[in-house]
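# Working through the structure, step by step
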Amino acid sequence: MMSVSNAQATPSIQICRIMRPDDANIIGNVHGGTILKMIEEAGCIIGTRHCNTQHGDRCVAALARVERTDFLYPMFIGEVAHASAEITYTSKHSVEVQVNVLSENIVTGAKKVTNKAALWYVPLSLQNVDKIIEVPPIEYCGPEQEEAGKKRYEAQKLDRLETKERNGEVITHVSLPEPYTVGFSQSSLIHLVGPSDCTLHGFVHGGVTMKLMDEVAGIVAARHCKTNIVTASVDAINFHRKIKKGCVITVSGRMTFTSNKSMEIEVFVDADPLVEVEKGKYRAVTAFFTYISLDKDSKPLPVPPLKMEGEEEQKRFEEGKARYLQNKAKRLTDKERQQ
Amino acid sequence: MMSVSNAQATPSIQICRIMRPDDANIIGNVHGGTILKMIEEAGCIIGTRHCNTQHGDRCVAALARVERTDFLYPMFIGEVAHASAEITYTSKHSVEVQVNVLSENIVTGAKKVTNKAALWYVPLSLQNVDKIIEVPPIEYCGPEQEEAGKKRYEAQKLDRLETKERNGEVITHVSLPEPYTVGFSQSSLIHLVGPSDCTLHGFVHGGVTMKLMDEVAGIVAARHCKTNIVTASVDAINFHRKIKKGCVITVSGRMTFTSNKSMEIEVFVDADPLVEVEKGKYRAVTAFFTYISLDKDSKPLPVPPLKMEGEEEQKRFEEGKARYLQNKAKRLTDKERQQ
Amino acid sequence: MMSVSNAQATPSIQICRIMRPDDANIIGNVHGGTILKMIEEAGCIIGTRHCNTQHGDRCVAALARVERTDFLYPMFIGEVAHASAEITYTSKHSVEVQVNVLSENIVTGAKKVTNKAALWYVPLSLQNVDKIIEVPPIEYCGPEQEEAGKKRYEAQKLDRLETKERNGEVITHVSLPEPYTVGFSQSSLIHLVGPSDCTLHGFVHGGVTMKLMDEVAGIVAARHCKTNIVTASVDAINFHRKIKKGCVITVSGRMTFTSNKSMEIEVFVDADPLVEVEKGKYRAVTAFFTYISLDKDSKPLPVPPLKMEGEEEQKRFEEGKARYLQNKAKRLTDKERQQ
């Protein structure tokens, strides 16, 4: 029988790895998100493997739903996390995977079950990722197992329909800004400073801050002109205050000026000591990034002009224009000197 | 002579590495931020090495300023980026490092200078990172070199003083919300989807999305209670729509409910196709995360109660309370069944 | 009996994960270094777990040596790499771990054994990382197993002593070299050791070092033959000295030998304690990597012959040729034995 060979081909999978400093907070507790990511990797492997054990289109298992998950015990840096996954139910178009997570202290030998999760996958055809293909059935130990699985399937189906209709509102946007205005492209990101971002002595490498600043500036530029954009230059950046481990940094960018072929974006970095609250939030760095827009052959494209609203934006635009003209003049002088 | 041995000990340094898919945008152009991070790593190594070539406190070189930097040519995935750094000036308390970046196509052999940067470092004592120590002097080829360096030093000093006084305003906050309100802890991050976030077929792994959701929820929880917080549970999550490569995702979180020992945070994921604009921004996922606060011995701490403002927040709090009581009842039933 | 419970406690471990774009080169072939890092993670987990199955000091297993490893087939992005490790011999102070690596295409279901590796670990006390503790013995299936293990142990011990004395000089660039010479392709990178590179006790994971070595060797090979190159094998690597957190490591590679279809690259790892300068720079690891060049259909291409300059290079070429012929003879003998 076919389903027997399927069951043999995809019985279970085990993923494990040592928890590193970047997987955890400064106290050493592993982030829940690290565990959720491991759980999903195990589920994706076993789901994709199972749905390809038949003739027909090749496919990939896409996550459709995760059931409620409890984190029973915290995990720590240096422990090994084991995630073992098995397929527990299949409907015509979906696969249920159950994953157990165990923490192992390889020094003391202590083991604990820290999580149990149930995930639902849907196989998408590789020829056409909008097409859902059929799932080969698994074989159950008995009719009770199949019956219980069917109940879980019906329950999650109902819940998915319900939440699809309930539509949460977007949090931050009050009114939608018009394209090409400053408000339209302005962006900000927050980043929790992790161990790999820091020197051995617990403050953020300047290079890490600059990388985040460039990331935000790039998103602002791409939102403005919807093309392939690259960094053309960065104005002098001063690092007035150190940023310490355990801070959250908010990096915000807004467009200040556009010439025919370039955009200037002002970027702010604010540090917020999450735990040492008495220190308060402070402005750590600011800088101006210049971006250009490129076509397929890496040739510069024209940039849509920035629409200003209000005096403030107009003033910043004029200041940006002054910087632009000054740099242009300087480049010309430098060229002449070299000749 | 001491300065001779210094000059020999820290003449220059070269960093190189292959540019990977995660270093670049979807077109294959390496992010300016990747290059800036490499430049700073080279500067930090040579600066730290130089400032430790003397007796006295051990120290680490902290970035104080980067001069204006131009990106002359784009770099591509698969090329090797070389950053070579040398110390070009020292004042009593600071070090100037000049870095040249070269791109090398190791297949065709083509090489291009893509960047030149000048960075200023200040040595901080490892005993007390708020103390700046003295810099051992370097030896110059001639008096003109020293004179030119001194001019650069004076110019940057002036500019640093000026920008310190000019204080950019914070972008997003209109009025500062009161502690323990929803507005106080609410947070959002944006993330540009990179190749490592995606399946081979170009859409984001569910696990990557869940990790970002947990990161935002954790920042909301930490901002609310200023302690060590850990994920206790995640409610069912439905993934209604795929997120594609090249999207920017905005992940936003707000606190909806607090019990004596737990906090519930609602998290939204919105996807914004940066280039295929006609598709528009859409809500991809929503979920509820529950966090608890722990003391040094991993025991639960009381959570400060959430202050509601307005009917909307009150309504969400009641809904959160209903979910909390329902889960509590379910846990009790499950326990009884197991006995 | 104690050894029985050990055997039960540490039978084997399986690590697996999906290969991502950053694990591979631009053609999609997974870097040998990615595989070496996974192999070492599996070895470190099972070694540490085993050495703690007794009373006395808690300890961590530190990598002392990797036996010669062949890469039988290239692996690709999207495939799942499985590394399974088991302990096959214990002496008083060391543990032998054998690791098999399997590639699985979860879409087609195809599986291939891609590597077999043998690693030697030494347990270091957590109280004092310079103290080596005793290893609990394992139970063997029969006296032949134990005898064969003892022979492998004696052979590697001898080889470790020999390579400890052999001292490679540090590589330096003199003038712009001609194509196909040793000087033309020789390369080096430096890496500042960060927290995620290290064990909980502050020294670099062996796998991290091997990944960097493979990266440099790959750059040397690509510069020489300007094509898609992959790791074919790694000669035995001895880890003579630990590398600590806060070091800068310089990894240098130079080509020593070419046959018609392969290149041998010698790689050196030098550690430089950036802050504790009095300790001085030291040679931590050396090894030989063999690379082959592949066309679009993953078939081997001819390799341009290496041009030698001077007696030193000629001597190293002859030594490389001897190693090449010895390995070729060994492969033939192994094949005949299996028939």
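Report on the accompanying structure. All values reported here derive from a predicted model rather than from experimental measurement. (Residues numbered from 1 in each chain as written. Chains lettered and ligands numbered in written order. Predicted model: local features only at pLDDT ≥ 70, side-chain atom pairs only at ≥ 80, totals over all residues. Heavy atoms only, no water.)

## Brief notes about the overall build of chain A
Formally: Under the DSSP-based scheme used, a helix requires at least four consecutive residues in state H or I and a strand at least two consecutive residues in state E, with every element numbered from the N terminus. In this description the radius of gyration comes from C-alpha coordinates, and the expected globular size is given by 2.2 Å times residues to the power 0.38. Pairs of residues are marked as contacts when any of their non-hydrogen atoms sit within 4.5 Å. Only the protein chains shown count as cover for residues, and all accessible areas are computed by the Shrake-Rupley method using a 1.4 Å probe. Asp and Glu count as negative and Lys and Arg as positive, but His and the ends of the chain are not part of the count. A charged residue contributes its charge at one atom only: NZ of Lys, CZ of Arg, CG of Asp or CD of Glu.
The secondary structure content of chain A amounts to 6 helices and 12 strands. The C-alpha radius of gyration of chain A comes to 27 Å, more than 25% above the 20 Å expected for a compact globule of 339 residues. For chain A, restricting intrachain contacts to residue pairs at least 6 apart in sequence, the fraction spanning at least 24 positions comes to 71%. Put simply, chain A shows about 15500 Å² of open surface, and 53% of that area lies on carbon and sulfur atoms. Positive and negative charge centroids in chain A, built from 43 and 43 side chains respectively, lie 4 Å apart.

## Structural notes on the interface of chain A and chain B
Note the threshold: The term buried area denotes the loss of accessible surface (1.4 Å probe radius) that occurs when two parts are joined, taken as the sum for both partners. Between Lys or Arg on one side and Asp or Glu on the other, a salt bridge is scored when a side-chain nitrogen of the former is within 4 Å of a carboxyl oxygen of the latter. Polar contacts, as used here, are pairs of N or O atoms within 3.5 Å; protein pairs need one atom able to donate a hydrogen and one able to accept it. Residues neighboring in sequence count only if both atoms are side-chain atoms. Note that Gly is not counted as nonpolar here; it falls among the polar residues with everything else outside the nonpolar set of Ala, Val, Leu, Ile, Met, Phe, Trp, Tyr, Cys and Pro and the charged set of Asp, Glu, Lys and Arg. Being paired, for any two strands, means DSSP has found at least two bridges between them.
Of the residues lining the interface, 94 residues belong to chain A; the matching set on chain B comes to 94 residues. With both chains or domains summed, chain A and chain B bury close to 7900 Å², and 57% of this area falls on carbon and sulfur atoms. For Asp130 of chain A, the salt bridge identified is with Lys242 of chain B, shortest N-O distance 3.3 Å. Our enumeration of links across chain A and chain B arrives at 29 residue pairs in polar contact (both at pLDDT 80 or more). Broken down by class, the residue content of the side of chain A that touches chain B amounts to 38 nonpolar, 28 polar and 28 charged. When strand E2 (residues 59–66) of chain A meets strand E9 (residues 237–239) of chain B, the two strands line up antiparallel, connected through 2 bridges. Paired with Val66 of chain A across the two strands is Ile237 of chain B, which belongs to E9 of chain B.

## Concerning the pattern of salt bridges
Put simply, the test is: The cut-offs for exposure are 20% and 50% of the maximum accessible area for each residue type, with area from a 1.4 Å probe on protein chains only; residues under the lower value are buried, those over the upper are exposed, and the others partly exposed.
Considering all chains together, one arrives at 56 salt bridges over all chains under this definition. For the salt bridge of Arg68 of chain C with Asp70 of chain C, the shortest nitrogen-to-oxygen distance reads 3.3 Å. With a relative accessible area of 25%, Arg68 of chain C lands in the partly exposed category. One continuous salt-bridge network, built from bridges that share partners, spans Arg65, Glu67 and Asp159 of chain A.

## Observations regarding the relation of the copies chain A and chain B
Cut-off, in case you're wondering: Copy-to-copy alignment: least squares on C-alpha atoms, limited to residues at pLDDT 70 or above in both.
Rotating chain A by 180 degrees about the axis while translating it 0.0 Å along that axis superimposes it on chain B, leaving an RMSD of 0.2 Å. Such a combination of turn and shift is consistent with a two-fold rotation axis. Closest approach to the rotation axis among the C-alpha atoms of chain A is made by Leu189 of chain A, whose C-alpha sits 2.2 Å away. Comparing interface residues between copies, 100% of those in chain A also lie at the interface in chain B; the contact surface is shared.

## Observations concerning the packing of helix H2 (residues 32–51) of chain C against helix H5 (residues 206–225) of chain C
Residue and element names in this part refer to chain C. The test is simple: The axes are straight lines fitted to the C-alpha atoms, using for helices just the contacting stretch, and the angles between their N-to-C directions are given from 0 to 180°. When describing relative orientation, an angle under 35 degrees is termed roughly parallel and one over 145 degrees roughly antiparallel, while 65 to 115 degrees is termed roughly perpendicular and anything else oblique.
One can describe the packing of H2 onto H5 by two numbers: an axis separation of 8 Å at closest approach and a directional angle of 170 degrees. Classed by the angle they form, the pair H2 and H5 counts as roughly antiparallel. Packed against H2, whose contacting residues are Gly32, Gly33, Thr34, Leu36, Lys37 and Glu40, the element H5 presents Gly206, Gly207, Val208, Met210, Lys211 and Asp214 at the interface. Of the residues contributing to the contact of H2 with H5, the split by class is 3 nonpolar, 5 polar and 4 charged.

## Looking at the interface of chain C and chain B
Contacts between the two partners involve 24 residues from chain C and, on the opposite side, 29 residues from chain B. In total, about 2400 Å² of surface goes out of reach between chain C and chain B, with carbon and sulfur atoms giving 60% of it. Broken down residue by residue, the surface that chain C buries against chain B is led by Asp22, Ile190 and Val275 of chain C, which jointly contribute 24%. Glu104 of chain B serves as the salt-bridge partner of Arg223 of chain C, at 2.2 Å between the closest nitrogen and oxygen. Our enumeration of links across chain C and chain B arrives at 6 residue pairs in polar contact (both at pLDDT 80 or more). For the side of chain C that touches chain B, the elements supplying multiple residues, two or more each, are strand E7 (187–192) and H5 of chain C. Classifying every residue of the side of chain C that touches chain B by side-chain character gives 12 nonpolar, 4 polar and 8 charged.

## Some thoughts on the pairing of strand E4 (residues 80–90) of chain A
All names here are of chain A. Burial analysis of E4 places 9 of its 11 residues in the buried class, the great majority of the element. Relative to E4, strand E1 (residues 13–18) is paired through 6 bridges, and the arrangement is antiparallel. Residue pairing across strands places Ile13 opposite Ala85, the latter belonging to E4. Of the strand pairs in this sheet, E4 and strand E5 (residues 95–104) are connected by 10 bridges, and their pairing is antiparallel. Residue pairing for E5: His82 is matched across the bridge by Leu102. Joining the antiparallel neighbours E4 and E5 is a turn of 4 residues.

## Focus: the state of the cysteines
Residues and elements named next belong to chain B. The line we're drawing: Throughout, a disulfide means two cysteine sulfur atoms within 2.5 Å of one another.
Taken as a whole and assessed by the stated rule, the structure comprises 0 disulfides over all chains. Cys51 provides the cysteine sulfur closest to Cys44, a residue in no disulfide bond, and the two sulfurs are 10 Å apart. For Cys44, a relative accessible area of 5% gives the class buried.

## Thoughts on helix H2 (residues 32–51) of chain A
Rules: Here, expected helix span is obtained from the residue count minus one, scaled by 1.5 Å.
Given a rise of 1.5 Å per residue, 20 residues ought to cover 28 Å, and the 28 Å separating the end C-alpha atoms of H2 of chain A matches this to within 8%. By the criterion of burial, H2 of chain A is predominantly enclosed, with 19 of the 20 residues buried.

## Some thoughts on unusual backbone geometry
All names here are of chain B. Notably, Lys226 is not glycine yet its phi reads approximately 55 degrees, a positive angle. The residue Lys226 is located in the loop between helix H5 (206–225) and strand E8 (228–234) in this model. With a relative accessible area of 23%, Lys226 lands in the partly exposed category.

## Some thoughts on the packing of aromatic side chains
Residue and element names in this part refer to chain A. Applied cut-off: The pairing test for Phe, Tyr and Trp rings, Trp by its six-membered ring, is centres within 6.5 Å, and the orientation test on the planes gives stacked under 30 degrees, edge-to-face over 60, and tilted for anything in between. Two limits define a charge over a ring: the Lys NZ or Arg CZ must be within 6 Å of the ring centre, and within 35 degrees of the ring normal.
The final tally for this structure, using the stated rule, is 18 aromatic pairs over all chains. Seen in terms of ring centroids, Tyr89 and Trp120 are 6.4 Å apart; in terms of plane orientation they differ by 70 degrees. Their pairing is edge-to-face. With Tyr89 in strand E4 and Trp120 in strand E6 (residues 111–125), the pair connects residues that are 31 residues apart, well separated along the chain. For Tyr89, a relative accessible area of 6% corresponds to the buried category. An aromatic cluster of at least three residues, connected via ring pairs, comprises Tyr89, Trp120, Tyr140 and Tyr153. Just above the ring of Phe203 sits the side chain of Lys242; from NZ or CZ to the centre is 5.8 Å.

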